Amino acid sequence: DAGVIQSPRHEVTEMGQEVTLRCKPISGHNSLFWYRQTMMRGLELLIYFNNNVPIDDSGMPEDRFSAKMPNASFSTLKIQPSEPRDSAVYFCASSLGNPKGELFFGEGSRLTVL
Amino acid sequence: RKEVEQDPGPFNVPEGATVAFNCTYSNSASQSFFWYRQDCRKEPKLLMSVYSSGNEDGRFTAQLNRASQYISLLIRDSKLSDSATYLCYSGAGSYQLTFGKGTKLSVIP
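Every value quoted in this text rests on a predicted model; they were computed, and no experiment measured them.

Q: Would you mind going over the overall build of chain A with me for this structure?
A: Across its full length, chain A carries 0 helices and 11 strands. The secondary structure elements of chain A, listed N-terminal to C-terminal, are β-β-β-β-β-β-β-β-β-β-β. Its C-alpha atoms give chain A a radius of gyration of 13 Å, within 12% of the compact-globule value 13 Å for 114 residues. Projected onto the principal axes, the alpha-carbon positions of chain A cover approximately 40 × 30 × 25 Å. Evaluated residue by residue, chain A yields a buried proportion of 46% over its 114 residues. Long-range pairs, those at least 24 residues apart, make up 54% of the contacts in chain A with a sequence separation of at least 6. For chain A, the separation between the mean place of its 11 positive charges and that of its 13 negative charges on side chains is 1 Å.

So this is what it looks like as structure tokens:
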């Protein structure tokens, strides 16, 4: 069975450019999470969707970040404009049922903003 | 204030040793607790859930102490393959889900 699929795996871009990260959750999972991981701050929850509806976006750093989930099998995280401090690994995770269940993570998208 | 605190380590232990990690949480309403394992440059993966009564899975034992608000992970007979970062994960209510920064373990031959 396919796990959570993220793309791109690596992205190097210049400051000011738009970055779009994509995620396909595990089929049948109705909860989707976007996390950001850095050495300094660890794993931070950016936004959580349940049944395609954004439930908690309090972790989104600022207006430059936006996330959408147009259907049950696809989500995007967009950064516009990107800044060097956005460099991190961005993980998408999905779970079945309530958010207390096991999280299944994608392999992550490693973003470097120059 | 960070809701979940872990000793970042690194913990360097010889093969065969027993090692224990603690993770403290500040939200007394926390209801769900898990340990995740993350290998270098990989995604986190669930290691085990933590129940009030404690639970054991082979060489791994997880326990919860609600009075002192911490969870623990004990690894017996450490293997080289146990080298990784161990993340604790605490959930309070439906949407308040917090990971610790992780504890790095290196098992040395």
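Text resumes after the structure shown.
Q: Would you mind going over the sheet that holds strand β6 (residues 55-57) of chain B with me for this structure?
A: Residues and elements named next belong to chain B. Reading across the sheet, the 5 strands line up as β1-β3-β8-β7-β6 and stay open at both edges, with antiparallel pairing between neighbours. Looking at which strands have only one partner, the edges of the open sheet turn out to be β1 (4-6) and β6. On average, each strand axis in the sheet is inclined to that of its neighbour by 20 degrees, with strand direction left out of account. Pairing analysis gives 6 bridges linking strand β7 (residues 60-65) to strand β8 (residues 70-75), with the strands arranged antiparallel. Bridge pairing in β8 places Phe60 opposite Ile75.

Q: In this structure, what is going on with the pattern of salt bridges? I would like to understand it.
A: Following the criterion strictly, the structure yields 13 salt bridges over all chains and no others. Two residues, A:Glu83 and A:Arg85, come together in a salt bridge whose shortest N-O distance is 2.6 Å. Note on A:Glu83: relative accessible area 23%, which makes it partly exposed. Residue B:Arg59 pairs with B:Asp82 through a salt bridge whose shortest N-O separation is 2.8 Å. Taken as a pair, B:Arg59 in the loop between β6 and β7 and B:Asp82 in the loop between β8 and β9 (84-92) lie far apart in primary sequence, 23 residues in all. Owing to a relative accessible area of 23%, B:Arg59 belongs among the partly exposed residues under this scheme. Each of A:Glu62, A:Arg64, A:Glu83, A:Arg85 and A:Asp86 takes part in a single network of salt bridges with overlapping partners.

Rules and cut-offs
Residue indices begin from 1 for each chain and proceed along its sequence in written order. For naming, the first written chain is A and the first written ligand is 1, with later ones following in the order written. With pLDDT at 70 or above as the cut-off, local features in this predicted model cover only qualifying residues; side-chain atom pairs require 80 or more to be listed or tallied, and sums for whole chains, interfaces and linings still use all residues. Just so you know, side-chain values use all the structure's heavy atoms and leave hydrogens and water out. By the criteria applied, helices consist of DSSP H or I runs no shorter than four residues and strands consist of E runs no shorter than two, each listed in order from the N terminus. In this setup the radius of gyration rests on C-alpha atoms only. A globule is expected at 2.2 Å times the number of residues raised to 0.38. Note on exposure labels: buried denotes an accessible area under 20% of the residue type's maximum, exposed denotes more than 50%, and partly exposed covers the range between, all computed with a 1.4 Å probe on protein chains only. Every residue pair with non-hydrogen atoms within 4.5 Å of one another is taken to be in contact. Within this scheme the basic residues Lys and Arg register as positive and the acidic residues Asp and Glu register as negative, but His and the chain ends are omitted. Positions of charges follow a simple convention, taking NZ of Lys, CZ of Arg, CG of Asp or CD of Glu. Whether two strands pair comes down to DSSP finding at least two bridges between them. Every axis in this analysis is a line fitted to C-alpha atoms, fitted for helices over the stretch in contact. Angles between the N-to-C directions lie between 0 and 180 degrees. A carboxyl oxygen of Asp or Glu within 4 Å of a side-chain nitrogen of Lys or Arg is what we treat as a salt bridge.

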